[in-house]
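Each chain is listed here by its residues.
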Amino acid sequence: MPGKNSIAVRLVLVITLFNAVISAVTLGYNYYESRDILQKELESNARNLAMSIVYRVEAQLAAVAKVAEGVVRSLETGKYSEQQFHTLLKTTIETNPDIYGLAIAFEPYAFSAKSPLYAPYYYREKDKIVLRHLENAYLDLPYPYWDWYQIPRELGKLEWSEPYFDEGAGNILMSTCSVPFYKDTNGSKQLQGIVGADVSLDALTEYISSIKILDTGYAALLSRNGTILAHPLKDTIMNETFFSIAEARHDPLLREIGRKMIKRETGFVHYTSLKGFKSWMYYAPIPSTGWTLAVVFPEAELLANARKMSMTMAAMGIVGVLLLTLAVINIARTIIKPLQVLTEATDEIAAGNFDAVLPTAQSNDEVGVLTHDFQIMEQSLKEYIRNLTETTAAKERIQSELKVATHIQTSLLPRIFPPFPDHPEFEIYASMVPAKEVGGDFYDFFFIDEKNLCFLIADVSDKGVPAALYMMVAKTLLKTESQRLGEPDKALASVNNILASGNENCMFTTVFCAILDTTTGEVRFANAGHNPPLIIDSQGVRYLTLKPGLILGVITDVVFETERLTLAPDATLFLYTDGVTEAKNTQDGLYGEERLLQALQNSPQDDVASLIHYIRSEVGHHADGAPQSDDITMLAIKITKKGPA
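Note that the coordinates shown come from a computational prediction; the quantities given were computed from them, not determined experimentally.

> Is there a simple way to think about the environment of P180 in this case?
Examined against the element boundaries, P180 turns out to sit in strand β6 (residues 172-185). Looking at P180, the relative accessible area reads 6%, which means it is buried. For the pair formed by P180 and I151, sequence separation is 29 residues and the distance between their alpha carbons is 10.0 Å. Apart from residues lying up to four places away in sequence, P180 is in contact with V72, E76, P152, G156, K157, L158, L191, G193 and I194.

This is the structure:
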């Protein structure tokens, strides 16, 4: 029986899987493409349905607004007695069945100097038209403070009020179309009052609530502030807003839809309806009032046919995959039987028996070629293992020699600190971390006489063993010539001439060489193309400004210049190589001179060893695991007190 990792099993699995994936992708594409087409058609149909309802509602409201504006024009162009006011109101209601009530509300003392308020209001009550005086109806809150009066009064134009329940005058849900009217006095308009035409919303909400979309879809009407005016859920009408429902559900999408509605925007969105099922909703504003009409289509009902078709296609696909799997199994058994024989023979080779006998090729097909190749591979593998053993042994010898070289190089640098315990007038500390097993940076410090301490730092071009050998020569020459000549410029010039002679490999080194007079704190220094050191003293941290100097080992007869500075007690001179400022992080960002300056400002100043350890830690944090690309070398010397003269 073939194992689960056999070619036959994998062949069956791969072909079956790919066929299943292709079928699933095709089925999914068909489903989602059908869904996309349905969605586009739905948006078009929803728009048409919503706009037809909007136009019907708008036509009714526009007719009422025109009647109110007609009454205003009559008041502004004619002169009416009190009886004529009443006749105008009553006649207008009788001839306009869409109007529930009509009022002329005057400004205080505008109708009569004896009457502060006057507002006759005619409205329908059963089959009659009834009069009511609004100035006497709401004594606790006079009509000038009502929204239907106050808002158009302030805006000076036609306004529809938010729907409200009018208690005492019909006891119905209504909205008022309010239009201000004026009196022309000496060429200026003076507000006389507001004409208010009421529309009963009961018939409108009943019409909208009666609209059925599919089985459970519906239409809804919302006011300018999101209050529900018409909805199949009767309990929500005038009791809930889109925003209160969104807050209760913690639904930010519903809240965002509500904001767009009150901005009079049009949209087609996918959301969870107030009834709690996934739906598509198209909403559009009613221009005259700013209300929003929404039509809701349940998603499950829209996609029912598409899902049914997809399930049928899925069943057909599963049957096809099963039939294909049976065919692949039959073909795979015929193809891989010879491979099983070869597999058994090669198992011994895999176990380490490279002398195992492989079966003879019985044919010239792919299996025969594979058997022949395995025979050649067996011989080549024996040869490779023999060569690998020899190569590994040679590499181990090289690694051992590199470790010895690293140890020798490290031993050449001063490593014992403090190096001069009998000289308390200064502290000195240095550190070098090579980028490879052996590096090209170095530092040194030594007395050239009883009171003059020479200290230097250098960076050799290239890395690895060549740089280390060049470093040993340069270090020895610098120490010898500094002790012999006693001045940094002369020592650098002498070493440069020696290194430049016969420099066929064009190697070079940068050097900062300085001599400290331990009795006075004076430092004499010369620079050969090295990075400028930093001074830490009572004035802060700053870079030392150096005169330019050529690197060592390029050309002969170069003249170097000695400069001088005096370090006060507690002042520190910090030397470093470019491995510090050019240390890179994982994004190839350099550590940089500015970051080094800031790090020294924040570093511990008690002793130079802590200072160098701190800088090395900061460079490591900057690198953040990135491989070290250059040697990192630092030296710091601090004056503690002036020595005896």
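> Help me understand helix α13 (residues 593-602) in this model?
Since the α-helix advances by 3.6 residues per turn, residues separated by three or four positions end up pointing in the same direction. Taken together, the buried positions of α13 are L596, L597, A599 and L600. Along the axis of α13, the buried positions cluster into a sector of 165 degrees, meaning they face one direction only. Buried residues along α13 sit in contact with β19 (534-537), β20 (540-543), β22 (572-576), α12 (578-581) and α14 (608-623).

> I'm lost on empty space enclosed by the protein in this one. Help?
The rolling of a water-molecule-sized probe over the atoms marks out the regions of remaining empty space. Enumeration according to the criterion identifies 3 cavities of 30 Å³ or more in this entry. Estimates place the volume of the largest cavity at around 110 Å³. Every residue lining the largest cavity is counted, 11 residues in all, and those nearest its centre are Y121, L134, W148, Y164 and D198. When the residues that make up the lining of the largest cavity are grouped by side-chain class, the tally is 7 nonpolar, 2 polar and 2 charged. The space that makes up the second largest cavity amounts to roughly 70 Å³. Residue lining of the second largest cavity: Y218, A220, L222, I228, H231, F242, Y271, L274, M281, A294 and V296, and that is the complete set. Elements with a minimum of two residues in the lining of the second largest cavity: β9 (217-222) and β13 (292-298). If you tally residues by element for the lining of the second largest cavity, the top one is β9, at 3 residues. For the lining of the second largest cavity, the residue count by class is 10 nonpolar, 1 polar and no charged.

> Would you explain the pairing of strand β7 (residues 188-200) in this entry?
Along a regular strand, successive side chains alternate from one face of the sheet to the other. Both strand β1 (residues 101-106) and β7 contribute to a ladder of 6 bridges, which runs antiparallel. The residue bridging F106 from the neighbouring strand is G193, located in β7. The pairing of β6 with β7 spans 12 bridges and is antiparallel. When the sheet's bridge partners are listed, F181 is paired in β7 with G193. Here β6 hands over to β7 after 2 residues, with N186 in that stretch at a positive phi of 55 degrees.

> Would you take a moment to explain the pairing of strand β21 (residues 563-566) for this structure?
Here β21 shows one buried face, formed by E563 and L565, and one open face, formed by R564 and T566. For strand β18 (residues 522-528) and β21, the ladder comprises 4 bridges, and the chain directions are antiparallel. Residue pairing for β21: R524 is matched across the bridge by R564.

> For this particular structure, what's the right way to read the layout of surface pockets?
The calculated volume of the largest pocket comes to roughly 410 Å³. Around the largest pocket, the lining comprises 16 residues; the ones closest to its centre are L75, G78, Y182, K183 and Q192. At the level of secondary structure, the elements contributing two or more residues to the lining of the largest pocket comprise α1 (7-77), β6 and β7. Broken down by element, the residue count for the lining of the largest pocket peaks at 4 residues, all from β6. Grouping the amino acids of the lining of the largest pocket by side-chain chemistry returns 8 nonpolar, 3 polar and 5 charged.

> Explanation requested: the sheet that holds β22 in the structure shown.
Two orientations exist for strands paired in a sheet by backbone hydrogen bonds: parallel and antiparallel. Overall, antiparallel pairing links the 5 strands, which are arranged β14-β23-β22-β19-β20 in an open sheet. Strand pairing shows two members of the sheet lacking a second neighbour, β14 (426-433) and β20, which therefore form its edges. Taken pair by pair, the neighbouring strands of this sheet meet at an average axis angle of 15 degrees, ignoring direction. Judged from the 4 bridges that link them, β19 and β20 form a sheet pairing that is antiparallel. Across the sheet, residue L534 finds its bridge partner in β20, namely Y543. Across the sheet, α13 lies against β19, β20 and β22, angled at about 155 degrees from β20, the strand it touches most.

> Looking at this model, I keep getting lost on the pattern of salt bridges. Mind explaining?
Side chains that differ in sign of charge can pair as their charged atoms come close. In the structure shown here, the tally under the stated rule is 14 salt bridges. Residues E487 and R524 are paired through a salt bridge, measuring 3.1 Å at the closest nitrogen-oxygen approach. With E487 in the loop between α10 (464-485) and α11 (488-500) and R524 in strand β18, the pair connects residues that are 37 residues apart, well separated along the chain. You can call R524 buried: its relative accessible area is 9%.

> What am I meant to see in unusual backbone geometry here?
With the exception of glycine, most residues fall at negative phi, and the peptide bonds are largely trans. Backbone torsion omega between F417 and P418 reads -5 degrees, so that peptide bond is classified as cis. With respect to the helices, strands and loops of the structure, P418 is situated in the loop between α9 (366-412) and β14. At K126, a position not held by glycine, the phi torsion is positive, near 60 degrees. Not every positive phi belongs to a glycine, and M238 is a case in point at roughly 65 degrees. If you trace the backbone, M238 turns up in the loop between β10 (228-230) and α5 (242-249). Of the residues examined, M238 reaches a relative accessible area of 31% and is grouped as partly exposed.

> Quick question: what am I supposed to make of the side chain of N452 here?
Here N452 shows up in strand β16 (residues 452-460). Residue classification places N452 among the buried positions, given a relative accessible area of 7%.

> What should I look at first to understand the packing of aromatic side chains in this one?
A ring pair, where both rings are aromatic, is described by two values, the distance of the centres and the angle of the planes. Per the stated rule, a full pass over the model turns up 23 aromatic pairs. Ring centres of Y143 and W148 lie 6.4 Å apart, and the angle between their planes is 20 degrees; on these two criteria the pair is classed as stacked. Residues Y143 and W148 agree in their burial class; the two are buried. Grouped by ring-pair contacts, the aromatic residues F417, F420, F426, Y429, Y443, F445 and F447 constitute a single cluster.

> Help me understand the confidence of the model for the protein chain, please; the structure alone is not making it clear to me.
Should the pLDDT be low somewhere, the predicted coordinates at that spot are not to be read in detail. Looking at the protein chain, pLDDT values average 85 and 89% of them are 70 or higher. Mean pLDDT values for the elements of the protein chain range from 70 in α9 up to 97 in β22.

> Explain a nonpolar patch on the surface here, please?
A contiguous nonpolar patch, built from V14, F18 and I22 and spanning about 300 Å² of accessible area, is present on the exposed surface. Following the sequence through the fold, V14 ends up in helix α1.

Quick notes on the rules
- Residues numbered from 1 in each chain as written.
- Predicted model: local features only at pLDDT ≥ 70, side-chain atom pairs only at ≥ 80, totals over all residues.
- Heavy atoms only, no water.
- Helix = DSSP H or I, 4+ residues; strand = E, 2+ residues; numbered from the N terminus.
- Buried < 20%, exposed > 50% of the residue type's maximum accessible area, 1.4 Å probe, protein only.
- Contact = heavy atoms within 4.5 Å.
- Arc of directions from axis to C-beta.
- 1 Å grid on protein atoms, 1.4 Å probe; cavity = no way out; pocket = protein on both sides within 12 Å on 5 of 7 lines; lining within 4 Å.
- Points joined across faces, edges and corners; volume = space filled by probe spheres on them.
- Nonpolar A, V, L, I, M, F, W, Y, C, P; charged D, E, K, R; others polar.
- Pairing = 2+ DSSP bridges.
- Axes fitted to C-alpha atoms, helices over the stretch in contact; angles between N-to-C directions.
- Salt bridge = Lys/Arg side-chain N within 4 Å of Asp/Glu carboxyl O.
- Phe/Tyr/Trp six-rings, centres within 6.5 Å; stacked < 30°, edge-to-face > 60°.
- pLDDT = per-residue confidence, 0-100.
- Patch = residues over 30% accessible without salt bridge, like charges linked within 9 Å, V, L, I, M, F, W, Y side chains within 5 Å.
- Areas by Shrake-Rupley, 256 points an atom, 1.4 Å probe, with all protein chains shown as cover.

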